[in-house]
Amino acid sequence: MKKVKLDIVGLSYSQTQSGAYALVLGEVNGRRRLPIIIGAFEAQAIAIEIEKMSPTRPLTHDLFKSFAQAYQVEITEVLIYNLVDGVFFAKLMCNKDGEQLEIDARTSDAIAIAVRFNAVIYTYEFILSSAGIVIEGNDFLFLENMESITNPSNPEEIQSAPHPVSGFQSLSTEELQNKLEKALAEEAYEKAARIRDEINRRNTGN
């Protein structure tokens, strides 16, 4: 299957769901974006590494990196390989003494680890085609609310938030499409992701 390389192009605090963030992955040399709703802890872990900040004590993903390096394990690639009922599945592609290994992981954790190893991020074309959002224009790079993400009042008490309930079940598919277009125009990517998931669920009959 054809793989598509992705970059992190957005990490935005949800204005409507407490504790929820939208991680936006962008197709390299393309206009498709893949929004993924993640929890506060994972968003903080990603933001801290992007901002090259050094927490006083290692976060879980920093500990993973130290452990892997101590045993000469290199993370070379993260692959988002499946999408089932709105849930993305990922795995870490590792190298240990020339041997290739695969480790299953939550997508948010995999990306938090990827940024620490400078590992490339890929997904398959069928995932980007079904769940991606096409962005018009050139102004789509954003990393919002970084200070609030990297400096919570009590980082050790942050917990991963459950996937927010969409609240769009009562709307028709046409109304959802209109709301999706409006959310994209407003760059409300986390809202767009939830609308997209609801449309996908209807299209697959789930």
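Per chain, residues are indexed from 1 in the order of the written sequence. Where local features are concerned, this predicted model is filtered to residues with pLDDT of at least 70; where side-chain atom pairs are given and counted, the filter is 80 or more; whole-chain, interface and lining totals use all residues. Side-chain numbers come from the whole structure's heavy atoms, not from hydrogens or water.

Taking an unreviewed UniProt entry as the reference, the protein chain is identified by name as BFN domain-containing protein belonging to Pedobacter xixiisoli.

**Looking at the packing of helix α2 (residues 60-70) against helix α3 (residues 107-117)**
For the record, the criterion: In this description, a line fitted to the C-alpha atoms serves as the axis of each element, helices being fitted only across the stretch in contact, and the angle between N-to-C directions of two axes falls anywhere from 0 to 180 degrees. Every helix listed is a DSSP run of H or I at least four residues long, and every strand listed is a run of E at least two residues long, numbered separately from the N terminus. By the definition adopted for this analysis, an angle is roughly parallel if under 35 degrees, roughly antiparallel if over 145, roughly perpendicular if from 65 to 115, and oblique otherwise. Helix crossings get a hand from a simple test, with the near helix turned counterclockwise from the far one by less than a right angle marking a left-handed crossing and a clockwise turn marking a right-handed one. Every residue pair with non-hydrogen atoms within 4.5 Å of one another is taken to be in contact. Gly is placed with the polar residues, together with every amino acid not listed as nonpolar (Ala, Val, Leu, Ile, Met, Phe, Trp, Tyr, Cys and Pro) or charged (Asp, Glu, Lys and Arg).
One way to put it is that α2 packs onto α3 with a least axis distance of 10 Å and a crossing angle of 55 degrees. Classified by the angle their axes make, α2 and α3 are oblique. Crossing hand, α2 versus α3: right-handed. Every residue of α3 that contacts α2 at H61, D62, F64, K65, A68 and Q69 is listed here: D109, A112, I113, R116 and F117. Of the residues in the contact of α2 with α3, the class split is five nonpolar, two polar and four charged.

**Examining the pattern of salt bridges**
For clarity, the cut-off: One speaks of a salt bridge when a side-chain nitrogen belonging to Lys or Arg is within 4 Å of a carboxyl oxygen belonging to Asp or Glu. Buried means the residue's accessible area, taken with a 1.4 Å probe over protein chains only, is under 20% of the maximum for its type, while exposed means over 50%, and partly exposed covers the values in between.
Inspection of every chain in the model, using the stated rule, returns nine salt bridges. Its salt-bridge partner being E125, residue R32 comes within 2.8 Å of it at the nearest N-O pair. Placement of R32 in strand β3 (residues 32-39) and of E125 in helix α4 (residues 125-131) is noted, with a sequence separation of 93 residues between them. Take R32: its relative accessible area is 18%, and that puts it in the buried class. One salt bridge in this structure joins D109 and R106, with 2.9 Å as the shortest N-O distance. You can call D109 buried: its relative accessible area is 19%. Three or more residues are tied together by salt bridges with common partners; here these are E27, R32 and E125.

**A word on the packing of aromatic side chains**
Aromatic rings considered in pairs are described by the distance between their centres and by the relative angle of their planes. We count it as follows: Centres within 6.5 Å are what make two rings of Phe, Tyr or Trp a pair, Trp counting through its six-membered ring; a difference in plane orientation under 30 degrees is then read as stacked, over 60 as edge-to-face, and the rest as tilted. Criterion for a charge above a ring: Arg CZ or Lys NZ at most 6 Å from the ring centre, at most 35 degrees from the ring normal.
One pass over the full model with this rule turns up three aromatic pairs. Relative to Y71, the ring of F67 lies with its centre 5.1 Å away and its plane at 40 degrees, an arrangement referred to as tilted. By relative accessible area, F67 is classed as exposed at 56%. Seen from their ring centres, Y81 and F89 are 6.3 Å apart, and the 55 degrees between their planes marks the pair as tilted. Accessibility expressed as a relative area gives 25% for Y81, which makes it partly exposed. Sitting over the ring of Y122, K3 keeps its end group 4.6 Å from the ring centre. Positioned over the ring face of Y81 is K91, at 5.0 Å from the centre of the ring.

**Some details on the environment of I113**
Structurally, I113 can be placed in helix α3. Given the relative accessible area of 6%, I113 is considered buried. The contact partners of I113, leaving out residues within four places of it in the chain, are H61, F64, I75 and L92.

**Re the nonpolar core**
Defined as follows: To qualify as a nonpolar core, a set must consist of buried Ala, Val, Leu, Ile, Met, Phe, Trp, Tyr and Cys residues joined through side-chain atoms within 4.5 Å.
Counting residues in hydrophobic clusters, the biggest one holds 37 residues, and the most contacted among them are L25, I38, I80, L92 and I121. For this core, the secondary-structure elements that each account for two or more residues are β1 (3-13), β2 (20-27), β3, α1 (40-50), β4 (73-84), β5 (87-96), α3 and α4. Excluding its chain neighbours within four sequence positions, the residues that come into contact with I80 are L6, L25, I36, F88, F89, A90, T107, I121, Y122, T123, Y124 and I127. Counting residues in each nonpolar core, the second largest holds ten residues, with I135, L176, L180 and A183 among its members.

**Observations regarding the environment of A20**
Counting through the fold element by element, A20 comes out in strand β2. In this structure A20 comes out as buried when scored by relative accessible area, which is 4%. In the structure, A20 is positioned 21 residues away from F41 in sequence and 9.7 Å away in space, judged by C-alpha atoms.

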